[in-house]
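As a plain string of letters, each chain reads:
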Amino acid sequence: MNKSIKKVVIANLKMNGSLSFYDDYLKGLKNGLHDIDNIDVGLCVPYPYLAQAQSILNGSNISWGSQNIAKFENGPYTGEVSATMLNDFGVQYVIVGHSERATAYCESNENIADKFNAIKKYNMTPVLCVGENLIEREAGIMEKVVASQIEAIIKCYGVEIFSDSIIAYEPIWAIGTDMAASPEQTNHMCSYIRKLINQDELNEVKNLKIVYGGSLNSENAVQLFGLKSVDGGLIGRAAINIEEFIKICQSAQTFET
Ligand code: 13P
(Lines give C-alpha, C1' and ligand atoms only; values in the text may rest on other atoms or scores of the structure.)
Protein backbone atom coordinates (compact mmCIF):
# COMPACT_ATOMS: atom_id res chain seq x y z
CA MET A 1 0.00 0.00 0.00
CA ASN A 2 0.85 3.60 -0.49
CA LYS A 3 1.10 4.62 3.14
CA SER A 4 4.54 6.09 3.49
CA ILE A 5 3.74 9.04 1.25
CA LYS A 6 3.04 12.57 2.42
CA LYS A 7 -0.52 13.76 2.62
CA VAL A 8 -1.37 16.46 0.10
CA VAL A 9 -3.77 19.35 0.68
CA ILE A 10 -4.83 21.35 -2.36
CA ALA A 11 -6.97 24.47 -2.44
CA ASN A 12 -9.22 24.97 -5.43
CA LEU A 13 -9.85 28.71 -5.26
CA LYS A 14 -12.27 28.46 -8.23
CA MET A 15 -13.27 31.86 -9.68
CA ASN A 16 -12.64 33.82 -6.49
CA GLY A 17 -10.28 36.61 -5.46
CA SER A 18 -8.61 39.69 -6.88
CA LEU A 19 -5.09 41.13 -7.03
CA SER A 20 -5.38 42.52 -3.53
CA PHE A 21 -7.04 39.38 -2.17
CA TYR A 22 -4.21 37.20 -3.49
CA ASP A 23 -1.56 39.56 -2.23
CA ASP A 24 -2.87 39.16 1.33
CA TYR A 25 -3.78 35.50 0.92
CA LEU A 26 -0.50 34.27 -0.57
CA LYS A 27 1.65 36.21 1.90
CA GLY A 28 -0.55 35.16 4.82
CA LEU A 29 -0.43 31.51 3.87
CA LYS A 30 3.30 31.52 3.22
CA ASN A 31 3.77 32.91 6.69
CA GLY A 32 1.15 30.70 8.35
CA LEU A 33 2.50 27.47 6.88
CA HIS A 34 6.23 28.24 7.00
CA ASP A 35 6.94 25.55 9.59
CA ILE A 36 4.90 22.80 7.90
CA ASP A 37 7.17 20.51 5.95
CA ASN A 38 5.76 17.02 6.24
CA ILE A 39 2.76 17.48 3.95
CA ASP A 40 2.47 18.86 0.42
CA VAL A 41 0.34 21.96 -0.02
CA GLY A 42 -0.88 23.38 -3.33
CA LEU A 43 -2.99 26.37 -4.31
CA CYS A 44 -4.86 26.27 -7.59
CA VAL A 45 -5.62 29.88 -8.45
CA PRO A 46 -7.37 31.42 -11.49
CA TYR A 47 -4.95 31.82 -14.44
CA PRO A 48 -4.44 35.61 -14.09
CA TYR A 49 -2.97 35.19 -10.60
CA LEU A 50 -0.39 32.52 -11.45
CA ALA A 51 2.40 35.07 -11.88
CA GLN A 52 1.57 36.56 -8.50
CA ALA A 53 1.52 33.10 -6.89
CA GLN A 54 4.89 32.35 -8.48
CA SER A 55 6.48 35.56 -7.30
CA ILE A 56 5.18 35.32 -3.72
CA LEU A 57 5.43 31.55 -3.15
CA ASN A 58 8.71 30.87 -4.95
CA GLY A 59 11.15 29.27 -2.50
CA SER A 60 8.40 28.49 0.03
CA ASN A 61 6.99 25.08 0.97
CA ILE A 62 3.75 25.81 -0.93
CA SER A 63 3.25 24.91 -4.60
CA TRP A 64 0.76 26.53 -6.93
CA GLY A 65 -1.31 25.43 -9.85
CA SER A 66 -4.16 26.01 -12.27
CA GLN A 67 -7.73 24.77 -12.50
CA ASN A 68 -7.67 23.76 -16.15
CA ILE A 69 -5.37 23.35 -19.17
CA ALA A 70 -5.69 23.12 -22.95
CA LYS A 71 -5.28 19.72 -24.53
CA PHE A 72 -3.45 21.30 -27.48
CA GLU A 73 0.14 22.54 -27.35
CA ASN A 74 -0.37 25.85 -29.19
CA GLY A 75 -2.27 27.40 -32.08
CA PRO A 76 -5.64 28.90 -32.90
CA TYR A 77 -7.49 28.02 -29.67
CA THR A 78 -8.92 31.29 -28.46
CA GLY A 79 -9.11 31.57 -24.69
CA GLU A 80 -7.10 28.42 -23.97
CA VAL A 81 -3.90 28.13 -21.91
CA SER A 82 -1.29 25.50 -22.80
CA ALA A 83 0.99 23.29 -20.72
CA THR A 84 4.11 25.24 -21.79
CA MET A 85 2.48 28.47 -20.63
CA LEU A 86 1.76 26.87 -17.26
CA ASN A 87 5.40 25.68 -17.16
CA ASP A 88 6.48 29.30 -17.68
CA PHE A 89 4.80 30.21 -14.41
CA GLY A 90 6.23 27.31 -12.40
CA VAL A 91 2.92 25.46 -12.09
CA GLN A 92 3.04 22.17 -10.19
CA TYR A 93 -0.63 21.09 -9.89
CA VAL A 94 -3.29 21.16 -12.60
CA ILE A 95 -6.89 20.33 -11.75
CA VAL A 96 -8.51 18.43 -14.58
CA GLY A 97 -12.04 17.14 -15.09
CA HIS A 98 -13.63 19.15 -12.30
CA SER A 99 -17.38 18.54 -12.41
CA GLU A 100 -18.10 22.28 -12.57
CA ARG A 101 -16.26 22.35 -15.91
CA ALA A 102 -17.41 18.99 -17.15
CA THR A 103 -21.03 20.08 -16.66
CA ALA A 104 -20.82 23.71 -17.77
CA TYR A 105 -18.54 23.15 -20.78
CA CYS A 106 -19.56 19.62 -21.73
CA GLU A 107 -16.10 18.15 -21.30
CA SER A 108 -16.01 14.54 -22.42
CA ASN A 109 -13.98 11.87 -20.65
CA GLU A 110 -11.79 11.63 -23.78
CA ASN A 111 -11.10 15.36 -23.68
CA ILE A 112 -10.14 15.05 -20.05
CA ALA A 113 -7.83 12.14 -20.94
CA ASP A 114 -6.00 14.33 -23.48
CA LYS A 115 -5.63 17.11 -20.93
CA PHE A 116 -4.29 14.61 -18.37
CA ASN A 117 -1.70 13.50 -20.91
CA ALA A 118 -0.67 17.10 -21.64
CA ILE A 119 -0.11 17.72 -17.92
CA LYS A 120 2.07 14.61 -17.54
CA LYS A 121 4.01 15.32 -20.71
CA TYR A 122 5.08 18.68 -19.27
CA ASN A 123 6.03 17.28 -15.86
CA MET A 124 3.21 18.76 -13.84
CA THR A 125 0.95 16.86 -11.43
CA PRO A 126 -2.61 16.22 -12.57
CA VAL A 127 -5.36 16.43 -9.97
CA LEU A 128 -8.05 14.41 -11.72
CA CYS A 129 -11.54 14.92 -10.31
CA VAL A 130 -13.92 11.98 -10.48
CA GLY A 131 -17.26 11.36 -8.83
CA GLU A 132 -20.92 10.60 -9.27
CA ASN A 133 -23.97 12.85 -9.05
CA LEU A 134 -26.82 12.32 -6.61
CA ILE A 135 -29.01 10.38 -9.03
CA GLU A 136 -26.13 8.04 -9.80
CA ARG A 137 -25.43 7.53 -6.09
CA GLU A 138 -29.07 6.83 -5.36
CA ALA A 139 -29.10 4.35 -8.21
CA GLY A 140 -26.05 2.65 -6.65
CA ILE A 141 -23.90 3.06 -9.76
CA MET A 142 -21.17 5.29 -8.29
CA GLU A 143 -18.44 2.71 -8.88
CA LYS A 144 -19.47 2.30 -12.49
CA VAL A 145 -19.46 6.07 -13.06
CA VAL A 146 -16.04 6.58 -11.49
CA ALA A 147 -14.64 3.55 -13.32
CA SER A 148 -15.74 4.94 -16.68
CA GLN A 149 -14.08 8.30 -15.91
CA ILE A 150 -10.80 6.62 -15.01
CA GLU A 151 -10.91 3.93 -17.69
CA ALA A 152 -11.23 6.59 -20.42
CA ILE A 153 -7.70 7.69 -19.47
CA ILE A 154 -6.35 4.15 -19.14
CA LYS A 155 -7.79 3.27 -22.54
CA CYS A 156 -6.05 6.20 -24.26
CA TYR A 157 -2.75 6.31 -22.38
CA GLY A 158 -2.31 3.15 -20.25
CA VAL A 159 -2.49 2.79 -16.48
CA GLU A 160 1.13 3.86 -15.94
CA ILE A 161 0.17 7.44 -16.73
CA PHE A 162 -1.30 7.56 -13.22
CA SER A 163 2.14 7.42 -11.60
CA ASP A 164 3.02 10.70 -9.81
CA SER A 165 -0.59 11.83 -10.09
CA ILE A 166 -3.48 12.70 -7.83
CA ILE A 167 -7.05 11.49 -8.16
CA ALA A 168 -9.64 13.45 -6.20
CA TYR A 169 -12.81 11.57 -5.37
CA GLU A 170 -15.29 14.44 -5.44
CA PRO A 171 -18.89 13.28 -5.37
CA ILE A 172 -20.84 16.01 -7.16
CA TRP A 173 -23.57 15.96 -4.50
CA ALA A 174 -21.00 16.86 -1.85
CA ILE A 175 -19.53 19.89 -3.67
CA GLY A 176 -20.74 23.23 -2.35
CA THR A 177 -23.52 21.61 -0.33
CA ASP A 178 -22.16 21.28 3.23
CA MET A 179 -22.97 17.61 2.87
CA ALA A 180 -19.57 15.91 2.82
CA ALA A 181 -19.44 12.21 2.09
CA SER A 182 -19.33 10.09 5.24
CA PRO A 183 -16.06 8.44 6.24
CA GLU A 184 -17.55 5.08 5.17
CA GLN A 185 -18.57 6.37 1.72
CA THR A 186 -15.21 8.09 1.27
CA ASN A 187 -13.23 5.07 2.37
CA HIS A 188 -15.23 2.78 0.12
CA MET A 189 -14.76 4.91 -3.01
CA CYS A 190 -11.11 5.82 -2.42
CA SER A 191 -10.27 2.14 -1.83
CA TYR A 192 -12.24 1.20 -4.92
CA ILE A 193 -10.28 3.71 -7.04
CA ARG A 194 -6.95 2.41 -5.76
CA LYS A 195 -7.92 -1.17 -6.55
CA LEU A 196 -9.14 -0.19 -9.99
CA ILE A 197 -5.81 1.42 -10.84
CA ASN A 198 -3.71 -1.26 -9.20
CA GLN A 199 -5.31 -4.34 -10.70
CA ASP A 200 -1.84 -5.68 -11.30
CA GLU A 201 -0.92 -6.09 -7.62
CA LEU A 202 2.67 -6.99 -8.40
CA ASN A 203 3.16 -3.82 -10.36
CA GLU A 204 1.52 -0.98 -8.42
CA VAL A 205 1.42 2.44 -10.01
CA LYS A 206 4.04 4.60 -8.28
CA ASN A 207 3.21 7.62 -6.17
CA LEU A 208 -0.48 7.83 -6.92
CA LYS A 209 -2.34 9.84 -4.30
CA ILE A 210 -6.07 9.56 -3.81
CA VAL A 211 -7.69 12.48 -2.03
CA TYR A 212 -11.22 13.48 -1.08
CA GLY A 213 -13.04 16.68 -2.06
CA GLY A 214 -16.54 18.03 -1.36
CA SER A 215 -17.50 20.22 1.62
CA LEU A 216 -14.24 19.40 3.38
CA ASN A 217 -13.59 21.79 6.26
CA SER A 218 -11.61 22.05 9.48
CA GLU A 219 -14.30 20.15 11.35
CA ASN A 220 -14.50 17.04 9.20
CA ALA A 221 -10.87 17.07 8.00
CA VAL A 222 -9.48 15.08 10.92
CA GLN A 223 -11.96 12.27 10.41
CA LEU A 224 -11.51 12.13 6.63
CA PHE A 225 -7.72 12.50 6.64
CA GLY A 226 -7.55 9.77 9.28
CA LEU A 227 -8.84 7.20 6.79
CA LYS A 228 -6.12 4.86 5.56
CA SER A 229 -7.38 5.10 2.00
CA VAL A 230 -7.29 8.92 1.89
CA ASP A 231 -4.03 10.69 1.04
CA GLY A 232 -5.32 14.24 1.49
CA GLY A 233 -7.95 16.66 0.30
CA LEU A 234 -9.11 19.07 -2.40
CA ILE A 235 -10.80 22.01 -0.76
CA GLY A 236 -13.10 24.64 -2.24
CA ARG A 237 -14.97 27.13 -0.04
CA ALA A 238 -13.13 26.38 3.19
CA ALA A 239 -9.83 27.27 1.51
CA ILE A 240 -10.91 30.86 0.83
CA ASN A 241 -10.45 31.64 4.50
CA ILE A 242 -6.74 31.51 5.42
CA GLU A 243 -7.24 30.49 9.05
CA GLU A 244 -9.61 27.70 8.03
CA PHE A 245 -7.23 26.44 5.34
CA ILE A 246 -4.29 26.48 7.76
CA LYS A 247 -6.32 24.44 10.24
CA ILE A 248 -7.09 21.89 7.52
CA CYS A 249 -3.38 21.64 6.65
CA GLN A 250 -2.55 21.17 10.32
CA SER A 251 -5.05 18.30 10.51
CA ALA A 252 -3.35 16.60 7.58
CA GLN A 253 0.00 17.02 9.25
CA THR A 254 -1.17 14.97 12.21
CA PHE A 255 -1.50 11.91 9.99
CA GLU A 256 1.74 12.16 8.07
CA THR A 257 3.60 8.87 8.19
P1 13P B 1 -16.32 22.75 -1.71
O2 13P B 1 -15.20 22.43 -0.75
O3 13P B 1 -16.69 24.21 -1.72
O4 13P B 1 -17.50 21.86 -1.51
O5 13P B 1 -15.76 22.48 -3.17
C6 13P B 1 -15.07 21.31 -3.40
C7 13P B 1 -14.45 21.36 -4.73
O8 13P B 1 -15.15 21.47 -5.73
C9 13P B 1 -12.99 21.31 -4.79
O10 13P B 1 -12.56 21.09 -6.10
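Above this text sits the structure in question.
Scoring rules and cut-offs
- Residues numbered from 1 in each chain as written.
- Predicted model: local features only at pLDDT ≥ 70, side-chain atom pairs only at ≥ 80, totals over all residues.
- Heavy atoms only, no water.
- Pairing = 2+ DSSP bridges.
- Helix = DSSP H or I, 4+ residues; strand = E, 2+ residues; numbered from the N terminus.
- Axes fitted to C-alpha atoms, helices over the stretch in contact; angles between N-to-C directions.
- Contact = heavy atoms within 4.5 Å.
- Phe/Tyr/Trp six-rings, centres within 6.5 Å; stacked < 30°, edge-to-face > 60°.
- Buried < 20%, exposed > 50% of the residue type's maximum accessible area, 1.4 Å probe, protein only.
- Near = heavy atom within 4 Å.
- Areas by Shrake-Rupley, 256 points an atom, 1.4 Å probe, with all protein chains shown as cover.
- Nonpolar A, V, L, I, M, F, W, Y, C, P; charged D, E, K, R; others polar.
- Polar contact = N/O pair within 3.5 Å; in protein donor to acceptor, adjacent residues only side chain to side chain.
- Parallel < 35°, antiparallel > 145°, perpendicular 65-115°, else oblique.
- Left-handed = near helix turned anticlockwise from the far one by under 90°.
- Core = buried A, V, L, I, M, F, W, Y, C linked by side-chain atoms within 4.5 Å.

A.B. asks: Account for the sheet that holds strand S1 (residues 8–12), naming residues and giving values.
C.D. replies: What links the strands of a sheet is backbone hydrogen bonding, and the strands pair in either a parallel or an antiparallel sense. The eight strands lie next to each other as S1-S2-S3-S4-S5-S6-S7-S8, forming a closed barrel whose pairing is parallel. Averaged over all pairs of adjacent strands, the angle between strand axes in this sheet comes to 25 degrees, irrespective of strand direction. Here strand S4 (residues 93–96) pairs with strand S5 (residues 125–130) via four bridges, running parallel. Bridging from a neighbouring strand, valine 96 pairs with leucine 128 of S5. Sitting on the sheet, helix H10 (residues 242–254) touches S1, strand S2 (40–44) and strand S8 (232–235), and the angle it makes with S1 is about 160 degrees.

A.B. asks: Requested: an account of the packing of aromatic side chains, with residues and values cited.
C.D. replies: Tallying each qualifying case throughout the model produces seven aromatic pairs. Summarising the aromatic geometry, the rings of tyrosine 22 and tyrosine 49 are spaced 4.7 Å apart at their centres and angled 35 degrees between planes, so their arrangement reads as tilted. A residue pair is termed long-range when its members are at least 10 positions apart, and tyrosine 22 in helix H1 (residues 19–32) and tyrosine 49 in the loop between S2 and helix H2 (50–57) qualify at 27 residues. Residue class for tyrosine 22 comes out buried when judged on its relative accessible area of 1%. Taking the centre distance of 5.1 Å and the plane angle of 55 degrees together, the rings of phenylalanine 116 and phenylalanine 162 count as tilted.

A.B. asks: Talk me through the site of the ligand; I want residue IDs and the actual numbers.
C.D. replies: Taken together, Asn12, Lys14, His98, Glu170, Ala174, Ile175, Gly176, Gly214, Ser215, Leu234, Gly236 and Arg237 are the residues near the ligand. About the coverage of the ligand: the protein hides 99% of its 310 Å² of free accessible area. When its residues are assigned to classes, the shell around the ligand shows three nonpolar, six polar and three charged.

A.B. asks: How would you sum up the side chain of glutamine 52? Please name residues and give values.
C.D. replies: As for its position among the elements, glutamine 52 is in helix H2. Taking the relative accessible area as the measure of exposure, glutamine 52 reaches 14% and is therefore buried. In terms of polar contacts, glutamine 52 uses its side chain to reach the backbone carbonyl oxygen of leucine 19, at 2.9 Å.

A.B. asks: Describe the packing of H1 against H2, and please don't skip the residues or the numbers.
C.D. replies: Following both chains from N to C, one finds H1 and H2 inclined at 30 degrees, their axes separated by 10 Å at the closest point. Considering their axes alone, H1 and H2 lie roughly parallel with respect to each other. Here H1 runs over H2; the crossing is right-handed. Packed against H1, whose contacting residues are Leu19, Tyr22, Asp23, Leu26, Lys27 and Lys30, the element H2 presents Gln52, Ala53, Ile56 and Leu57 at the interface. Its residues placed into classes, the contact of H1 with H2 shows six nonpolar, one polar and three charged.

A.B. asks: Give a detailed account of the packing of helix H5 (residues 109–121) against helix H7 (residues 142–157), specifying residues and quantitative values.
C.D. replies: The relative placement of two packed helices comes down to the angle between their axes together with the axis-to-axis distance. The contact between H5 and H7 brings their axes to 9 Å, and the two run at 55 degrees. Considering the angle they form, H5 stands oblique to H7. The two elements H5 and H7 meet at a crossing, and its hand is right-handed. The segment H5 lies against H7, with Asn109, Glu110, Ala113, Asp114, Phe116 and Asn117 engaging Ser148, Gln149, Ala152, Ile153, Cys156 and Tyr157. Partitioning the contact of H5 with H7 into residue classes produces six nonpolar, four polar and two charged.

A.B. asks: I'd like to hear about the nonpolar core, residue by residue, with values.
C.D. replies: Counting residues in each nonpolar core, the largest one holds 71 residues, and the members touching the most others are Leu43, Phe162 and Phe245. Those residues in contact with phenylalanine 162 that sit more than four places away from it in its chain are Phe116, Leu128, Ile150, Ile153, Ile154, Ile167, Ile197, Val205, Lys206 and Leu208. Counting residues in hydrophobic clusters, the runner-up holds 11 residues, among them Val8, Tyr93, Val127 and Ala168.

A.B. asks: Could you give an account of the pairing of S5, with specific residues and numbers?
C.D. replies: Looking down a regular strand, the side chains alternate between one sheet face and the other. Judged by how many residues are buried, S5 sits mostly within the fold: six of six residues are covered. Note that S5 and strand S6 (residues 165–169) share four bridges and pair parallel. Bridge pairing links cysteine 129 to alanine 168 in S6.

A.B. asks: Go over unusual backbone geometry with me, naming the residues and quoting the values.
C.D. replies: The backbone phi angle of asparagine 123 is positive, close to 60 degrees, even though this residue is not glycine. Following the sequence through the fold, asparagine 123 ends up in the loop between H5 and S5. Judged by its relative accessible area of 71%, asparagine 123 falls in the exposed class. For asparagine 207, which is not a glycine, the phi torsion comes out positive at approximately 50 degrees. Turning to its location among the elements, asparagine 207 is positioned in the loop between helix H8 (183–197) and strand S7 (208–213).

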